[in-house]
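Topology and contacts: notes
Now for the letters of each chain:
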Amino acid sequence: MTTLSIETQPDKTVSPALLREKKDRRRALALLTPGLLWMSLFMVLPMAMVVYVSFWTQTTFAVNPTLTTESWERFLGSSTYLGAIWTTLRIWAIVLVATVLVGYPVALFIGLFVRNKTLQTALLVACVIPFWTSFLIRVIAWRPMLGTEGAVNTILINLGIINEPLTFLLFSEFSVLVGMTQIYVVFMVGPITFMLGRIDPSVIEAARDLGASFGTIFRRIILPLSLPGVMVGAIFVSVMVLGEFATAASLSGRKVNLLGNIIVSQVGSLKWAFAAVAGVVLTIIIAAVIAMALRIVDLRKEM
């Protein structure tokens, strides 16, 4: 009995710090469990299912769970689908650069030169106003702007700049680039404006007192401090542009074939295995782009 009572007594040699650490670990695990379950059920499991389906055997209008690499071989061996990957990457790169070139000056003005918080908020709201309308309406609205009898051609002809309408403005890759840039530039403006608004004005004033020009101040102070915002905006724009299909289908007259368009067309044809292959490839590309952006800037440290 004496031995049993000694063994069941709590270990008094455990330090309070160790007990507190164990308690904190249990609390952290309890807080993380709902999020981990949600991510597992609604992201990891569906993605694993897509990968699994991509190896199913595809017949004309059905699939069966017999595993095969036929869909992968067909996708990777086709110049059409490999060309779609190249087109997707090319349009993504051009739109990303265009959104930075258009959005950065706007963010620079709002975040650095406008010091009134109310006016800053009003200008940011003005940038978001187009999102008060439907996405498809914003896309289709470019048709009367870029058409041969649209506003752009009419203005250019009336000014005497051109003699006949420009046909490349609509139903081409150019129209897709214009539409995507206009739609997604706001996702670049917001994060950059936030980072520029965090810059201490006294730092810029000190640089001016030391005789630095605006170019030097921008290169040595403003640009490095705003780079995390550029990376956040780049991630937002990249995820949405790489997964695009509606803008390309509407403004290119189906002349521009992106990976998103392939997925939509294959799902519409009930070719689930082939659509899953395109989905896996697109997911890999998006993950690689995000990983590359996170390697350039450590957002956990900078934000």
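Reading the values: the criteria
Residues numbered from 1 in each chain as written. Predicted model: local features only at pLDDT ≥ 70, side-chain atom pairs only at ≥ 80, totals over all residues. Heavy atoms only, no water. Salt bridge = Lys/Arg side-chain N within 4 Å of Asp/Glu carboxyl O. Helix = DSSP H or I, 4+ residues; strand = E, 2+ residues; numbered from the N terminus. Buried < 20%, exposed > 50% of the residue type's maximum accessible area, 1.4 Å probe, protein only. Core = buried A, V, L, I, M, F, W, Y, C linked by side-chain atoms within 4.5 Å. Contact = heavy atoms within 4.5 Å. Phe/Tyr/Trp six-rings, centres within 6.5 Å; stacked < 30°, edge-to-face > 60°. Lys NZ or Arg CZ within 6 Å of the ring centre and 35° of its normal. Axes fitted to C-alpha atoms, helices over the stretch in contact; angles between N-to-C directions. Parallel < 35°, antiparallel > 145°, perpendicular 65-115°, else oblique. Left-handed = near helix turned anticlockwise from the far one by under 90°.

Re the pattern of salt bridges
On inspection of all chains with the given rule, the structure shows 4 salt bridges. Note that glutamate 21 is salt-bridged to arginine 25, the shortest N-O span being 2.8 Å. With a gap of 4 residues between them, glutamate 21 and arginine 25 both fall in helix H2 (residues 16-53), about one helical turn apart. Judged by relative accessible area, which is 36%, glutamate 21 ranks as partly exposed. Here arginine 25 falls in the exposed class, since its relative accessible area comes to 56%. The shortest N-O distance in the salt bridge between glutamate 205 and arginine 208 comes to 3.3 Å. Taken together, the residues span about one helical turn, with glutamate 205 and arginine 208 both in helix H11 (residues 201-209) at a distance of 3 residues. A relative accessible area of 39% places glutamate 205 in the partly exposed class. We classify arginine 208 as partly exposed; its relative accessible area is 44%.

Describing the environment of alanine 122
Within the secondary structure layout, alanine 122 lies in helix H5 (residues 117-128). Look at alanine 122 and you get partly exposed, because its relative accessible area is 43%. Considered as a pair, alanine 122 and isoleucine 110 are 12 residues apart in the sequence and their alpha carbons are 9.9 Å apart.

Section: the nonpolar core
Phe75, Ile91, Met180, Leu196, Ile222 and Leu259 are the most contacted members of the largest nonpolar core, which totals 58 residues. For this core, the element with the highest residue contribution is helix H4 (residues 79-113), accounting for 11 residues. With near-sequence residues (within four places) excluded, methionine 180 lies in contact with Ile91, Val95, Val241, Glu244, Thr247 and Leu258.

Quick notes on the packing of aromatic side chains
Under the defined criterion, the tally for this structure stands at 12 aromatic pairs. Ring centres of tyrosine 184 and phenylalanine 187 lie 6.3 Å apart, and the angle between their planes is 40 degrees; this geometry places the pair in the tilted category. Overall, tyrosine 184 belongs to the buried group, its relative accessible area being 6%. Judged by centre distance (6.4 Å) and plane angle (25 degrees), the rings of phenylalanine 214 and phenylalanine 218 are stacked. One end of the pair, phenylalanine 214, and the other, phenylalanine 218, are both in helix H12 (residues 214-242), 4 residues apart, so they sit about a helical turn from each other. Taking relative accessible area as the criterion, phenylalanine 218 reaches 23% and is therefore assigned partly exposed. Three or more aromatic residues link up through ring pairs in this structure, and these residues are Tyr104, Phe113, Phe214 and Phe218. Across the ring face of phenylalanine 274, the terminal group of arginine 74 is positioned such that the distance to the ring centre comes to 4.3 Å.

Quick notes on the side chain of threonine 99
By the element assignment, threonine 99 lies in helix H4. Contact partners of threonine 99, with chain neighbours within four places excluded, come to Tyr104, Thr181, Tyr184, Val185, Met188 and Val237.

Quick word on the environment of valine 51
Residue placement: valine 51 occurs in helix H2. For valine 51, a relative accessible area of 32% translates into the label partly exposed. In the structure, valine 51 is positioned 228 residues away from glycine 279 in sequence and 8.6 Å away in space, judged by C-alpha atoms.

Some details on the packing of H4 against helix H9 (residues 173-184)
Where H4 contacts H9, the axes come no closer than 9 Å and their chain directions differ by 45 degrees. The angle between the axes of H4 and H9 places the two elements in the oblique class. In this structure, H4 crosses over H9, and the sense of that crossing is right-handed. Residues Arg90, Ile91, Ile94, Val95, Ala98 and Thr99 of H4 form the contact with H9, whose own contacting residues are Glu173, Val176, Leu177, Met180, Thr181 and Tyr184.

Considering the side chain of serine 172
Structurally, serine 172 can be placed in the loop between helix H8 (151-158) and H9. Once you skip the residues sitting within four places of it in the chain, serine 172 turns out to touch Leu251, Ser252 and Val256.

What about the packing of H4 against H12?
Between H4 and H12, the shortest axis-to-axis distance is 9 Å and the interhelical angle comes to 135 degrees. What the angle tells us is that H4 and H12 run oblique. In terms of crossing hand, the pair formed by H4 and H12 is right-handed. Judged by residue contacts, Thr88, Trp92, Val95, Leu96, Thr99, Tyr104, Leu108, Leu112 and Phe113 of H4 engage Phe214, Phe218, Ile222, Leu223, Ser226, Val230, Ala234, Val237, Ser238, Val241 and Leu242 from H12.

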